[in-house]
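So the chains spell out like this:
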Amino acid sequence: MPDHPCSPAPGALFTGSRVKTPMYEDPAIFAEEMDRIFTKTWVWVAHASEIPDKGDFKLSWLGTQPVIVARDRKGEVHVMVNRCRHRAATVCEVKKGKTSSFQCPYHGWGYALDGGLRGVPNPEQYGADFDKAKLGLKTLRTESYQGMIFATFKETIEPLEDFLGPARKWIDLFMKQGGRYPVKTMGEHQFSFPGNWKIQLENTTDAYHFPIVHKSFLRSLDEEAEKTFTFLDGAGFVEDLGNGHSVMVMIPELVDLEDNLDAPIPERFQALAEELRQSHDEQQVRRIVRAVGGSGFNLNLFPNVACSMAFFRVLRPINVKETAIRHIAIGMEGGPEAANRMRLRLHEHFQGPMGFGSPDDSEVWERVQRGAAGARDLDILVNRGEDSPGDDGPRGHVSAETGMRAAYTMWKRMMSA
Ligand code: FES
Ligand code: FE
């Protein structure tokens, strides 16, 4: 029996600088990915603020496997496979809500918030060996960092913090968007595109496309903001952070949002600053204004979540040629309403369904998939930019394809394991 039922072997599909077309097209590769990647590593499932109170739950996925993320009566978070232990029906189809238990709609088996089987209707027909203690929902190992909740099917995996490694310091910086308030999610929208999940994965730390694909976004900005977003000739960089993670710094002066708070406030934030001055001291006004504009970098966490400037982007593979994307807006828990309102408006401006950014991204991702159907023997190039040693791994020019190489190196490692 060959190591890999798919053909060609995954190891041959990424050469370090080139990707082979079956990566986007081969259903056998996709099936292997769902097994060798999405059940073998830490996968992002939720942010703690999506389920803040006892009894809160939301649906999520590890690859194509449906799970429920729930907070029990003690406040502990559990991630459970959304599959009844009787005959496999999903026990919950409500995307998000509050409950005291989950009841399967088929024959009524009831489960607690921690997945334990509470009761079954008419139990007398089961034999003496029917053990409720062994028939709870399958629960997964769950850990979180800075409110980002991850789960895994692999019991023996390294702790989440080790898996994140140097990416942790970037998560810490990203969370400064709370402006000293806790970061909270403020709603989301979902769309899907007819393309492979890795086409999106490649995009989060791809600065090269920005001035081309996002021309209409750039045109919609005032002159000062347009200058901020013209970063291809700047001092930014992309760095491989290990384990498939990477960071792309576009606007170096906005890496640490608490640095240089005395710098002039951009014109587009003046009205907000004025409003905040009525109830906050000048330092806090500046801190909040800075936080509203978002971080100057995109962090890509392998395999399924990005902390992208000012929001979370979560990808979910549906099949080899279809991917669902969630854009989750974030803001300040307990922060000034005017600041959170402006964050939402900025989010909509680029990432929203009618935004000036995301629809253009989605269009090119779709075109990558369509184009890949032609001359399948040609390679996809991810060789742009020469890397040199950075703080935590290979670092390249801001427009280098270092982040893609980082992700595909991890992909290859996991697929060949
Ligand atoms: Fe859930 Fe039967 S399938 S109770
Ligand atoms: Fe883009």
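Below is a short write-up of the structure. (Residues numbered from 1 in each chain as written. Chains lettered and ligands numbered in written order. Predicted model: local features only at pLDDT ≥ 70, side-chain atom pairs only at ≥ 80, totals over all residues. Heavy atoms only, no water.)

1. Observations regarding the packing of aromatic side chains
Tallying each qualifying case throughout the model produces 17 aromatic pairs. Geometrically, the ring pair formed by Trp44 and Phe312 is tilted, given 6.0 Å between the ring centres and 45° between the ring planes. Note that Trp44 is positioned in strand E2 (residues 43-47) and Phe312 in strand E17 (residues 311-319), a separation of 268 residues in sequence. On the basis of relative accessible area, Phe312 is assigned to the buried category, the value being 0%. For the pair Tyr126 and Phe130, a centre-to-centre distance of 4.2 Å together with 15° between the ring planes defines the contact as stacked. The exposure class assigned to Tyr126 is partly exposed, which follows from its relative accessible area of 32%. The exposure class assigned to Phe130 is partly exposed, which follows from its relative accessible area of 23%. Note that Arg316 overlies the ring of Trp61, its terminal NZ or CZ placed 3.7 Å from the centroid. In this structure, Arg395 is placed above the aromatic ring of Phe237, and the distance from its NZ or CZ to the ring centre is 3.6 Å. (Phe/Tyr/Trp six-rings, centres within 6.5 Å; stacked < 30°, edge-to-face > 60°. Helix = DSSP H or I, 4+ residues; strand = E, 2+ residues; numbered from the N terminus. Buried < 20%, exposed > 50% of the residue type's maximum accessible area, 1.4 Å probe, protein only. Lys NZ or Arg CZ within 6 Å of the ring centre and 35° of its normal.)

2. So, helix H13 (residues 402-416)
Taking 1.5 Å of rise per residue, the 15 residues of H13 would be expected to cover 21 Å, and the 21 Å separating its terminal C-alpha atoms lies within 8% of that figure. Most of H13 sits inside the fold, with 11 of its 15 residues counted as buried. Among the residues of H13, Thr402, Gly403, Met404, Arg405, Ala406, Ala407, Tyr408, Met410, Trp411, Met414 and Met415 are the ones counted as buried. (Expected span 1.5 Å × (residues − 1).)

3. Here we look at a negative patch on the surface
On the surface, Asp222, Glu223, Glu224, Glu226 and Glu267 cluster together to form a negatively charged patch. Counting through the fold element by element, Glu224 comes out in helix H8 (residues 223-228). (Patch = residues over 30% accessible without salt bridge, like charges linked within 9 Å, V, L, I, M, F, W, Y side chains within 5 Å. Areas by Shrake-Rupley, 256 points an atom, 1.4 Å probe, with all protein chains shown as cover. Salt bridge = Lys/Arg side-chain N within 4 Å of Asp/Glu carboxyl O. Lys, Arg positive; Asp, Glu negative; His and termini not counted. Charge placed at Lys NZ, Arg CZ, Asp CG, Glu CD.)

4. Concerning the layout of surface pockets
When its volume is computed, the largest pocket comes out at roughly 980 Å³. Around the largest pocket sit 47 residues that line it, and Thr228, Phe229, Leu254, Arg268 and Gly293 are the ones nearest its centre. In the lining of the largest pocket, the residues fall into 24 nonpolar, 14 polar and nine charged. Quantified by volume, the second largest pocket comes out at close to 530 Å³. In terms of lining residues, the second largest pocket is bounded by 20 residues, among which Glu202, Asp206, Val364, Val368 and Ile380 are the most central. Elements represented by at least two residues in the lining of the second largest pocket include exactly helix H5 (197-203), helix H6 (210-213), helix H12 (358-371) and strand E19 (379-381). (1 Å grid on protein atoms, 1.4 Å probe; cavity = no way out; pocket = protein on both sides within 12 Å on 5 of 7 lines; lining within 4 Å. Points joined across faces, edges and corners; volume = space filled by probe spheres on them. Nonpolar A, V, L, I, M, F, W, Y, C, P; charged D, E, K, R; others polar.)

5. Remarks on the pairing of E17
The buried fraction of E17 amounts to seven of the nine residues, a majority that puts the element mostly inside the structure. With four bridges connecting them, strand E16 (residues 305-308) and E17 associate as antiparallel partners. Across the sheet, residue Ser308 finds its bridge partner in E17, namely Phe311. Linking E16 back to E17 in an antiparallel pair, the connection comprises two residues, with Met309 at a positive phi of about 55°. With eight bridges connecting them, E17 and strand E18 (residues 322-332) associate as antiparallel partners. Looking at E18, one finds that Pro317 is bridged to Thr323. Two successive antiparallel strands, E17 and E18, enclose a turn made up of two residues. (Pairing = 2+ DSSP bridges.)

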